[in-house]
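One letter stands for each residue in the lines below.
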Amino acid sequence: MKVNHGNSSGAVSEQRTSTFTGVVWADPVMAATDGVTINNVSFNPGARTYWHFHEHGQTLYVSAGSGWICVEGSEPQVIRQGDTVWIGPGERHWHGANTRNFMVHLATSIGATTWQEAVSDQDYLRSAG
Ligand code: MN
């Protein structure tokens, strides 16, 4: 058992740029431990991840706002405060805020994350229907 106190390391928030579109900040909750990483991630309206997948999957808990998640080959789905999402190992996907709301989610990632290309505006705006 290991208790992880809130940011006792003094780690600073990181603005994520190279694998995200728009303004995205990440705050470490638990540094990589046995392949598990936990981050609070804040997306401005319009911001989203690049396409990517997680070696052993990922959970998202939406703690504020609302946004979208999209697995390749499926329609984007709305996610909002209180929702929890499981993304399976190797499922190519993206997640982010919608165009009018910010979103904050707690992301628990298991194993390595493989980053791919940016989500085009066309694919992103398809979410708005
Ligand atoms: Mn993900």
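Here the structure is a predicted model, which is why all the values come from computation and not from measurement. (Residues numbered from 1 in each chain as written. Predicted model: local features only at pLDDT ≥ 70, side-chain atom pairs only at ≥ 80, totals over all residues. Heavy atoms only, no water.)

Asks: Could you give an account of the pairing of strand E7 (residues 58-71), naming the residues involved and the relevant values?
Replies: For a regular strand, side-chain orientation follows a simple rule: the groups alternate between the two sheet faces. Bridge count between E7 and strand E9 (residues 84-87): 4 bridges; the pairing is antiparallel. Considered in E9, the bridge of Thr-59 is made with Trp-86. By the bridge criterion, 4 bridges tie E7 to strand E8 (residues 77-80) in an arrangement that is antiparallel. Note on E8: the bridge partner recorded for Ser-66 is Arg-80. Count of turn residues in the E7/E8 antiparallel hairpin: 5 residues, of which Gly-73 carries a positive phi of about 90°. (Pairing = 2+ DSSP bridges. Helix = DSSP H or I, 4+ residues; strand = E, 2+ residues; numbered from the N terminus.)

Asks: An account of unusual backbone geometry is requested, with residue identities and associated values reported.
Replies: The backbone phi angle of Asp-34 is positive, close to 50°, even though this residue is not glycine. Topologically, Asp-34 is positioned in the loop between strand E3 (24-33) and strand E4 (36-43).

Asks: Please set out the pairing of strand E11 (residues 103-110) residue by residue, giving values where relevant.
Replies: Within E11, 6 of the 8 residues are buried, leaving the element largely enclosed by the surrounding structure. As paired elements, E4 and E11 share 8 bridges and run antiparallel to each other. Opposite Phe-43, over in E11, you have Met-103 as the bridge partner. With 7 bridges connecting them, E7 and E11 associate as antiparallel partners. The partner of Thr-59 across the bridge, within E11, is Thr-108. (Buried < 20%, exposed > 50% of the residue type's maximum accessible area, 1.4 Å probe, protein only.)

Asks: I'd like to hear about the pattern of salt bridges, residue by residue, with values.
Replies: Opposite charge on two side chains allows them to pair when their charged atoms are near. Evaluated as defined, the whole model comprises 5 salt bridges. Here Asp-121 and Arg-48 are joined by a salt bridge, their closest N and O atoms 2.8 Å apart. Highlighted residues: Asp-121 in helix H1 (residues 121-125) and Arg-48 in strand E5 (residues 48-49), separated in sequence by 73 residues. The salt bridge partner of Arg-92 is Glu-117, with a shortest N-O separation of 2.8 Å. With Arg-92 in the loop between E9 and strand E10 (93-97) and Glu-117 in the loop between strand E12 (113-115) and H1, this pair connects stretches of sequence that are 25 residues apart. (Salt bridge = Lys/Arg side-chain N within 4 Å of Asp/Glu carboxyl O.)

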